[in-house]
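Okay, here's what each chain looks like letter by letter:
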Amino acid sequence: MLKVKDTLRATVNLSFDGRVFKTYHGPNAAERFENEVRVLKHLEAHGCPFVPRLLEADRDKLRIVTTNCGGRVEQLDDKRRLELFAELEKYGVRHDDPDVRNVTYRFSDGRFCMIDFEFATILPGAGSKPTNSPALKWSGWTDIGRVRKNNEDAFLGLRFDAHEIHRLGKFGQASTATHDFTFAVCDGMGGAKAGEFASQIAVEKITSLLPRAFQQTATGMQAGFQDILTELYTQIHRALVYLGGSYDECHGMQTTMSLCWFTPGWMYFGHVGDSRIYHLPKGKNTIKQLTEDDTHVGWLLRNGQINEYQARTHPRRNVLQKALGGTNQFVDPQVGAVNYEKGDLFLICSDGLTEGLYDHYTVDLLRDTAKHQDAAAAKSLVEAAVRNDGRDNSTAVVVQIL
């Protein structure tokens with residue numbers, strides 16, 4: 001670890017994975033420790049996006065572990081400095097040491113942040129109810145379709161922090177103030193029930209692997225969400241390859257995987273295969289496909305060599321060039337990030353859904369369910385896809401920002 005501060009009041013070390021370790025000593029060390037823990041918890045509950053996130057608090061060692069909020073600022077205009085500390089008070093906290101040494105700059109999103117809250121006050125009447133964090137409303141649904149004998153699709157919803165994890169139901173609503181959320185859709189492939197096993201194994205691996213990354217990220221970006229998601233996909237790929245080579249019933253098992261990880265203000269995504277992630281911004285009538293299909297037909301469509309109708313009717317539209325497991329030697333997932341706002345909609349779906357719905361019809365259904373606050377948005381999409389096509393399993397997860 002790198003020592004970045006050593007004074008009479010505290011020692012601060014920066015670990016190589018981006019976490020900050022602060023140990024209190026000197027006069028009133030225990031009181032200062034308790035105060036900073038209390039203030040950081042309050043700011044997290046209120047969704048303040050420009051302060052460190054508390055990961056651990058060890059009362060015996062008088063040590064906290066937080067996320068990194070960037071590098072210290074050497075010079076700052078007084079007017080701008082006062083504006084920054086005034087903005088903090090909107091979240092119910094007054095920094096009692098409003099000096100430039102307690103301001104950092106976070107290069108990942110280009111904003112100033114506040115640190116060192118051992119001398120800070122939670123303002124009277126601030127309360128504990130979050131006021132600024134966006135909420136998510138989600139729904140998930142899957143259908144075997146009208147032709148297949150088993151459902152090789154799987155979907156997942158998780159709520160987690162550094163200490164606990166909860167599997168989500170098919171429908172729900174919650175704030176992002178104190179937890180991160182992950183939603184994923186997997187479409188398995190393989191002989192017998194190998195495809196079904198592959199998609200289920202993938203979602204179970206997400207449950208066990210991704211929450212560990214919470215301690216490495218507050219808003220994800222500055223801690224390297226690309227590395228976190230790439231490692232997640234690599235671990236799942238290795239597990240599927242191992243099982244496929246060890247058990248006859250798992251031979252040839254593969255799966256697609258499209259995943260969305262929601263933190264306050266940002267959605268980070270990973271993708272392999274031809275399942276898809278869509279983003280429908282507030283007030284827009286055009287839906288944007290965030291992911292790229294790992295197929296030759298997808299490549300032809302992206303490069304303007306065929307149109308949407310030709311892509312839908314192409315005889316090799318379902319032939320994958322990349323998937324998790326199987327005989328694929330390496331995994332190179334597509335990863336990205338999207339800044340969202342209230343009113344935005346996200347859709348994660350298997351190719352069985354997109355086979356049955358054109359983009360404009362998908363937009364109409366999404367807008368209609370959002371307008372009426374329908375909890376069964378995903379079910380409406382899947383049922384429409386099965387009616388229109390139904391040759392494949394169809395799965396959708398819809399997330400609305402409230």
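Residues numbered from 1 in each chain as written. Predicted model: local features only at pLDDT ≥ 70, side-chain atom pairs only at ≥ 80, totals over all residues. Heavy atoms only, no water.

Structural notes on helix α8 (residues 359-371)
Along an α-helix, residues three or four positions apart point the same way, because every turn accommodates 3.6 residues. An ideal rise of 1.5 Å per residue puts 18 Å on 13 residues; α8 measures up with 18 Å between its terminal C-alpha atoms. Of all the residues in α8, the buried ones are Thr362, Val363, Leu365, Leu366, Thr369 and Ala370. For α8, the angular spread of the buried residues around the axis is 165°, confining them to a single face. Exposed residues pointing more than 90 degrees away from the buried face of α8 are listed as His360 and Lys371. (Helix = DSSP H or I, 4+ residues; strand = E, 2+ residues; numbered from the N terminus. Expected span 1.5 Å × (residues − 1). Buried < 20%, exposed > 50% of the residue type's maximum accessible area, 1.4 Å probe, protein only. Arc of directions from axis to C-beta.)

Remarks on the nonpolar core
Ile206, Ile236, Met257, Leu259, Trp261 and Leu324 are the most contacted members of the largest nonpolar core, which totals 30 residues. Elements with a contribution of two residues or more to this core: β12 (153-160), β15 (180-189), α3 (194-209), α4 (225-246), β16 (254-263) and β17 (266-272). If near-sequence neighbours (up to four positions away) are discounted, methionine 257 is found in contact with Val185, Cys186, Ala202, Ile206, Tyr233, Ile236, Gly270, His271, Val272 and Leu324. (Core = buried A, V, L, I, M, F, W, Y, C linked by side-chain atoms within 4.5 Å. Contact = heavy atoms within 4.5 Å.)

Some words on the sheet that holds strand β22 (residues 345-349)
The strands that make up a sheet pair up through hydrogen bonds in the backbone, lying either parallel or antiparallel. Taken in spatial order, the 6 strands line up as β14-β11-β23-β22-β18-β19 in an open sheet, and their pairing is antiparallel. Here the strands that pair on one side only, and so sit at the sheet edges, are β14 (171-175) and β19 (288-289). Here 5 bridges tie strand β18 (residues 276-280) to β22, and the two strands are oriented antiparallel to one another. Across the sheet, tyrosine 278 pairs through a bridge with leucine 347, a residue of β22. Along the sheet, helix α9 (residues 377-388) contacts β11 (135-143), β22 and β23 (394-401); its crossing angle with β23, the most-contacted strand, is approximately 145°. (Pairing = 2+ DSSP bridges. Axes fitted to C-alpha atoms, helices over the stretch in contact; angles between N-to-C directions.)

What about α9?
Here α9 is 12 residues long and its end C-alpha atoms lie 17 Å apart, about the 16 Å a rise of 1.5 Å per residue gives. For α9, the set of buried residues is Ala377, Ala378, Leu381, Val382, Ala384, Ala385 and Val386. Taken together, the buried residues of α9 touch β11, β22, α7 (351-356), α8 and β23. Looking at the residues trailing α9, positive phi occurs at glycine 390, about 80°.

With respect to the sheet that holds strand β3 (residues 19-24)
Across the sheet, 5 strands lie side by side as β1-β2-β3-β5-β4; this open sheet has antiparallel pairing. The strands lining the two open edges of the sheet, one partner per strand, are β1 (2-6) and β4 (54-58). The sheet shows a mean angle of 15° between the axes of neighbouring strands, taken without regard to direction. Summarising the sheet, β4 and strand β5 (residues 63-67) pair through 4 bridges and their orientation is antiparallel. The residue of β5 that forms the bridge with leucine 54 is threonine 66. This element, helix α1 (residues 29-45), spans β3, β4 and β5 of the sheet and lies at about 155° to β4.

What is shown is where atoms sit, not what they do.
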